[in-house]
Amino acid sequence: MNDPAPEPAKKITNEGGKIPTAMRVEGDPTRVYNPLDPSKTIRIIDKKTGQPYPSGKELKVRNTDYHFYVP
């Protein structure tokens, strides 16, 4: 008996191609609220420079294809 192969996990993407601007966490210039789950935050630090990404930089929510802009 051959079991069907499991379907690959569907990645979350921006609906209609619209890219939102994340909301900055008050008092912490290194974090923004996750646009997919506002109860969580995302670090917006460039690992090479150690500095926060500049305003307008397009980033992606980890493990998804969902993009957002740094405020």
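Our structure's up above, just so we're on the same page.
All of these numbers come straight from a predicted model, not from anything done at the bench. (Residues numbered from 1 in each chain as written. Predicted model: local features only at pLDDT ≥ 70, side-chain atom pairs only at ≥ 80, totals over all residues. Heavy atoms only, no water.)

Side note on the nonpolar core
Counting nine residues, the largest nonpolar core consists of Ala22, Val32, Ile42, Ile44, Leu59, Val61, Tyr66, Phe68 and Val70. Contact partners of isoleucine 42, with chain neighbours within four places excluded, come to Thr30, Arg31, Val32, Asn34, Pro35, Val61 and Phe68. (Core = buried A, V, L, I, M, F, W, Y, C linked by side-chain atoms within 4.5 Å. Buried < 20%, exposed > 50% of the residue type's maximum accessible area, 1.4 Å probe, protein only. Contact = heavy atoms within 4.5 Å.)

A word on the pattern of salt bridges
All told, the structure shown has two salt bridges when counted by the stated rule. Salt-bridge contacts for aspartate 37 lead to lysine 40; the nearest nitrogen and oxygen are separated by 3.8 Å. A residue is classified by how much of its surface remains accessible, and lysine 40, at 49% relative accessible area, is partly exposed. Among the ionic pairs, aspartate 65 bridges to lysine 60, the shortest N-O distance being 3.9 Å. (Salt bridge = Lys/Arg side-chain N within 4 Å of Asp/Glu carboxyl O.)

Focus on the environment of lysine 18
Secondary-structure assignment places lysine 18 in the segment before strand 1 (31–33). Owing to a relative accessible area of 65%, lysine 18 belongs among the exposed residues under this scheme. Through-space distance from the C-alpha of lysine 18 to that of tyrosine 66 is 9.8 Å; in sequence the pair is 48 residues apart. (Helix = DSSP H or I, 4+ residues; strand = E, 2+ residues; numbered from the N terminus.)

Notes on the environment of lysine 11
As for its position among the elements, lysine 11 is in the segment before strand 1. Overall, lysine 11 belongs to the partly exposed group, its relative accessible area being 46%. Aside from chain neighbours lying at most four places away, what touches lysine 11 is Thr64 and Asp65.

A word on the layout of surface pockets
Size it by volume and the largest pocket reaches roughly 360 Å³. Around the largest pocket sit 13 residues that line it, and Ile42, Arg43, Ile44, Lys60 and Arg62 are the ones nearest its centre. Put simply, the parts of the chain that give the lining of the largest pocket at least two residues each are strand 2 (41–43) and strand 3 (58–60). The greatest single-element share of the lining of the largest pocket, amounting to three residues, is contributed by strand 2. Its residues assigned to classes, the lining of the largest pocket shows seven nonpolar, two polar and four charged. (1 Å grid on protein atoms, 1.4 Å probe; cavity = no way out; pocket = protein on both sides within 12 Å on 5 of 7 lines; lining within 4 Å. Points joined across faces, edges and corners; volume = space filled by probe spheres on them. Nonpolar A, V, L, I, M, F, W, Y, C, P; charged D, E, K, R; others polar.)

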